[in-house]
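Results of the structural survey
Residues per chain are reported as follows:
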Amino acid sequence: MSVTSSLVPAILGEYGAMTRAALRDYLPAREPRRHLYDLVADYPLRGGKMMRPSLCIAAACAFGARPDEALGTAVSIELLHNALLIHDDIEDGSEQRRGRPTLHLEHGIPLALNAGDTLALVGLRPLLEHHERLGADLALRLACEAERMALISAEGQALELGWRHDNLIDLTDADYLCMVLKKTCWLATIFPLRAGALIGSRVAIDLDAFVRFGFFLGATFQIQDDLLNLVADRSYGKERDGDLWEGKRTLMLIRLFRESVPADRDRLAAILRFPRHERTGADVGWIRAQMDRYDCVEYARRFAHRLAGAALHEYSLAFANLPDSRDKRFLEEMVTWVVERN
Amino acid sequence: MNDRPRIRRKDPARDGPVRDWSNMFRGPGATAATAPSTDAPPPSSPTGNTSPIGVPDDSAAPPAFDDEARIGIETAYQVIDQHLREGRLAAQAQAPRGTPGTGPSATAPPAAMSISSDTIQQVVTQGLRFYSSLTPLWAAFLKSLAASTVVRDMPAAAGLAPVPLAPSPFPRAAADSLAPVIVEIASARMARVTVDLPPSTGAPNLATGGLLALAPGHAPLTDVALVFDPAANRLVVRIRVPDTQPPGVYSGVIVDRGSAAPRGTITLRIDE
């Protein structure tokens, strides 16, 4: 396996373009545009890595399906992802998304909320159309999988929001992983992989292996994403240190609280107790410096690398019986890519 | 005889390979960090068990990085194992409601999802699915059912074991002479095969005349062979679907070569 994959960017580009082209057909091109459908189309047309739809298509193709057989599910995944991003950005008070102001900052929370709701509904359409191509059995199964994913994602989001609402800081790494499993992994990796495997195998496989592989891949992805928030340049697309401003319970913040001496711990708790708009740049700078002081960034980096090792192990189990293919290699190299990306 | 004392070596510390996949990736500096004596964080680092004013705190030694890795991965596995356990419990709780993917009838569509049909082909397709939904009811007959298999046509599928499908829903008399059926299909498109075959001691004598399309105007599928594998005591059904074959449902009768009496059926569905 190459250290720096050229296959991953190639397939992300290929399947991403395919998804993006198909996705446009589902974005309503009618009135009311100004206050609804232009907003609905905003995030999907801003671009993005297209990791989720590409995982779905590649998993299906690794099992022998054609890309177009998984395209509807891939489109649905990307639309639902963008719908949740709109709501996440409101809930987190985020300011930037894919290099531009978040939707609610541009249009206000009420219109952004409505656009997010609409986009989620638009994302159901490809699933409803599945029965024509995939048959009623598989279409219903995929719809149920999507419903399960959406519920688990909401549970994960509730976990994290609840921690912030109650200002819980004394969390463990296991708490963090549980939250990430639900909030991130199911939508980002587990559901795309399971859906792709279902489409490719026509349901005839055990899906637990894909939950495991998806979990380790998704958790690695999320930790790397959290790290990039602290160190990335403008190409990252989100505001630097935004997670600190938002008080997100990342692996670094959890370790900081765990490792801090009591005086620092008290100060950290006091800062996090403030709502975002009452935190100062000095507060955020102090937290960031403490993270370096307490080795939190390198700790999280090491943690992500080890999860990546586990992801490779689970990959080898999940795809052991499949013949070698470009898509199979892509799925393997995704593990390296998520920890190398910047 | 050699009088020199016999050299005895200590038993090796391990007797198997060390597969520490958790250390496959290492970030900058992590290699050094794995060496316990020389790689401790600098004294000024709080995570190196040094107090904020730089006084080493030996009473709270941090775990070595190897321990850190082990604990981290163990934690992750505990999280995912617990999640899967909870998922299974939830699935079992939901199964009576017939939610697809949560129980034995995972592939069965509820009645509301049945496809309305105005053609013979759709009626047959719907019928097949209806019988599939009855699969759990026939669970008691598992031992007496001829095993059916479905194989997704795959590029270079060598090495991929055929995937077992739910047993045929049709009731069978108990028979220990049951021989499993393996389906080998070559098709450029998605194809689903159902083999309905009673327990038979005459498997070597079975044959089929091909599969006929239910839709009018479609050519029959003639490249269909039944081959008995005496070594494995199983019947192999080989089907080759021409690339020009129209999509649809094809079916054929399995007959006994000697008596020409029907023994079972093969149904093939080719997707678009």
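The structure this text deals with has already been given above.
These remarks concern the structure in this document. Worth saying up front: this structure is predicted, and the values here are computed from it rather than measured. (Residues numbered from 1 in each chain as written. Chains lettered and ligands numbered in written order. Predicted model: local features only at pLDDT ≥ 70, side-chain atom pairs only at ≥ 80, totals over all residues. Heavy atoms only, no water.)

With that out of the way, let us pick up the overall build of chain B. Scanning chain B from N- to C-terminus turns up 3 helices and 10 strands. What you see in chain B, going N to C, is helices and strands ordered as α-α-α-β-β-β-β-β-β-β-β-β-β. Taking all 272 residues of chain B together, the buried fraction comes to 36%. Considering only contacts in chain B between residues 6 or more positions apart, those separated by 24 or more positions represent 63%. Of the roughly 16100 Å² of accessible surface on chain B, 58% is carried by carbon and sulfur atoms. (Helix = DSSP H or I, 4+ residues; strand = E, 2+ residues; numbered from the N terminus. Buried < 20%, exposed > 50% of the residue type's maximum accessible area, 1.4 Å probe, protein only. Contact = heavy atoms within 4.5 Å. Areas by Shrake-Rupley, 256 points an atom, 1.4 Å probe, with all protein chains shown as cover.)

Our next topic: a nonpolar patch on the surface. Among the surface-exposed residues, Leu121, Leu124 and Leu128 of chain A lie close enough to one another that they form a single nonpolar patch of about 300 Å² accessible area. Structurally, Leu121 of chain A is set in helix H6 (residues 109-122). (Patch = residues over 30% accessible without salt bridge, like charges linked within 9 Å, V, L, I, M, F, W, Y side chains within 5 Å. Salt bridge = Lys/Arg side-chain N within 4 Å of Asp/Glu carboxyl O.)

Residues spaced three or four apart along an α-helix face the same direction, because each turn holds 3.6 residues. Residue and element names in this part refer to chain A. The terminal C-alpha atoms of helix H15 (residues 281-293), which comprises 13 residues, lie 18 Å apart, in line with the 18 Å expected from a rise of 1.5 Å per residue. All of the buried residues along H15 are Asp283, Val284, Trp286, Ile287, Arg288, Gln290 and Met291. Check the buried side of H15 and you find it contacts helix H11 (208-231), helix H12 (242-246), helix H13 (251-259), helix H14 (262-273) and helix H16 (296-318). Following H15 by one or two positions, Asp295 adopts a phi angle in the positive range, close to 60°. (Expected span 1.5 Å × (residues − 1).)

Moving on, we get to the sheet that holds strand E3 (residues 181-186) of chain B. All names here are of chain B. Sheet architecture is open: 3 strands sit in the order E3-E8-E7, paired in mixed fashion. Here the strands that pair on one side only, and so sit at the sheet edges, are E3 and strand E7 (224-229). Going from strand to strand, the sheet's axes swing by 20° on average, the running direction of each strand aside. Taken together, the 6 bridges between E3 and strand E8 (residues 234-240) define a ladder with parallel strand orientation. Residue pairing in the sheet places Ile185 in a bridge with Ile239 of E8. (Pairing = 2+ DSSP bridges. Axes fitted to C-alpha atoms, helices over the stretch in contact; angles between N-to-C directions.)

Now for the side chain of Lys328 of chain A. Residue and element names in this part refer to chain A. Summarising the element assignment, Lys328 is placed in helix H17 (residues 326-340). No salt bridge is formed by the buried Lys328; the nearest opposite charge belongs to Asp324, separated by 5.7 Å. A polar side-chain atom of Lys328 sits 3.2 Å from the main-chain carbonyl oxygen of Phe319. (Lys, Arg positive; Asp, Glu negative; His and termini not counted. Polar contact = N/O pair within 3.5 Å; in protein donor to acceptor, adjacent residues only side chain to side chain.)

Residues and elements named next belong to chain B. One ladder, built from 6 bridges, connects strand E4 (residues 191-196) with strand E10 (residues 262-270); its direction is antiparallel. Following the sheet pairing, Arg192 is matched in E10 by Arg269. Where strand E9 (residues 248-256) lies against E10, 8 bridges are found, and the strand directions are antiparallel. Within E10, the residue paired with Gly248 across the bridge is Ile270.

Looking now at the packing of helix H1 (residues 7-24) of chain A against helix H4 (residues 67-92) of chain A. Helix-helix packing is described using two parameters, namely the angle between the two axes and the distance between the axes. Residue and element names in this part refer to chain A. Where H1 meets H4, the closest approach of the two axes is 9 Å, and the angle between their N-to-C directions is 70°. With respect to each other, H1 and H4 are oriented roughly perpendicular. Facing Tyr15, Met18, Thr19, Ala22 and Leu23 of H1, the residues of H4 in contact are Pro67, Leu71, Ala74, Val75, Glu78 and Leu79. Partitioned by chemical class, the residues of the contact of H1 with H4 number 9 nonpolar, 1 polar and 1 charged. (Parallel < 35°, antiparallel > 145°, perpendicular 65-115°, else oblique. Nonpolar A, V, L, I, M, F, W, Y, C, P; charged D, E, K, R; others polar.)

In this section: the pattern of salt bridges. Pairing is possible between side chains of opposite charge, provided their charged atoms come close. For the structure shown, the criterion picks out 34 salt bridges over all chains. Here Arg97 of chain A and Asp89 of chain A are joined by a salt bridge, their closest N and O atoms 2.6 Å apart. Close ionic contact of Glu184 of chain B with Arg238 of chain B constitutes a salt bridge, the shortest N to O distance being 2.9 Å. With Glu184 of chain B in strand E3 and Arg238 of chain B in strand E8, the pair connects residues that are 54 residues apart, well separated along the chain. A relative accessible area of 37% means that Glu184 of chain B is categorised as partly exposed. Connected via shared salt-bridge partners are Asp42, Arg46, Arg100 and Glu106 of chain A.

Now for the environment of Leu105 of chain A. Residue and element names in this part refer to chain A. If you trace the backbone, Leu105 turns up in helix H5 (residues 103-107). Sequence-wise, Leu105 and Asp89 are 16 residues apart; in three dimensions their C-alpha atoms are separated by 9.5 Å. Not counting chain neighbours up to four residues away, the residues in contact with Leu105 comprise Ser94 and Glu95.

Counting 125 residues, the largest nonpolar core has Phe215, Ile287, Met291, Phe319, Phe330 and Leu331 of chain A as its most contacted members. Among the elements that make up this core, the one with the highest residue count is helix H10 (residues 173-201) of chain A (16 residues). Setting aside residues up to four positions removed in sequence, Phe330 of chain A forms contacts with Leu7, Val8, Ile11, Leu12, Ser54, Leu55 and Ala58 of chain A. Counting residues in each nonpolar core, the second largest holds 21 residues, with Leu206, Leu226, Val241 and Leu268 of chain B among its members. (Core = buried A, V, L, I, M, F, W, Y, C linked by side-chain atoms within 4.5 Å.)

With that out of the way, let us pick up the side chain of Gln157 of chain A. All names here are of chain A. Positionally, Gln157 belongs in helix H9 (residues 136-165). Taking relative accessible area as the criterion, Gln157 reaches 8% and is therefore assigned buried. Contacts of Gln157, omitting those with residues within four sequence positions, involve Asp88, Glu91, Asp92 and Lys183.

Before going further, it helps to examine unusual backbone geometry. Keep in mind that most residues, glycine aside, have a negative phi and that most peptide bonds are trans. All names here are of chain A. In this model, Glu31 is joined to Pro32 through a cis peptide bond whose omega is 0°. When you line up the elements, Pro32 lands in the loop between H1 and helix H2 (33-45). For Met50, which is not glycine, the phi dihedral falls at a positive 60°. Here Met50 lies in the loop between H2 and helix H3 (51-62). Here Met50 falls in the buried class, since its relative accessible area comes to 3%.

A word on the packing of H3 of chain A against H17 of chain A. All names here are of chain A. For the pair H3 and H17, the least separation of the axes is 8 Å and the interaxial angle reads 145°. Handedness of the crossing formed by H3 with H17: left-handed. In contact with Met51, Ser54, Leu55, Ala58, Ala59, Cys61 and Ala62 of H3, H17 contributes Asp327, Lys328, Phe330, Leu331, Met334, Trp337 and Val338. (Left-handed = near helix turned anticlockwise from the far one by under 90°.)

Quick look at the packing of aromatic side chains now. All names here are of chain A. Under the definition given, this model contains 9 aromatic pairs over all chains. Ring centres of Phe63 and Phe210 lie 6.0 Å apart, and the angle between their planes is 55°; this geometry places the pair in the tilted category. Of this pair, Phe63 sits in the loop between H3 and H4 while Phe210 sits in helix H11, and the two are 147 residues apart along the sequence. When sorted by exposure, Phe63 lands in the same class as Phe210, which is buried. Centroid distance Phe213 to Phe319: 6.0 Å. Interplanar angle 85°. Geometry classified as edge-to-face. Remark: Phe319 occurs in the loop between H16 and H17 and Phe213 occurs in helix H11; sequence separation between them is 106 residues. (Phe/Tyr/Trp six-rings, centres within 6.5 Å; stacked < 30°, edge-to-face > 60°.)

It is worth stressing that arrangement in space is one thing and function is another; only the former is reported here.
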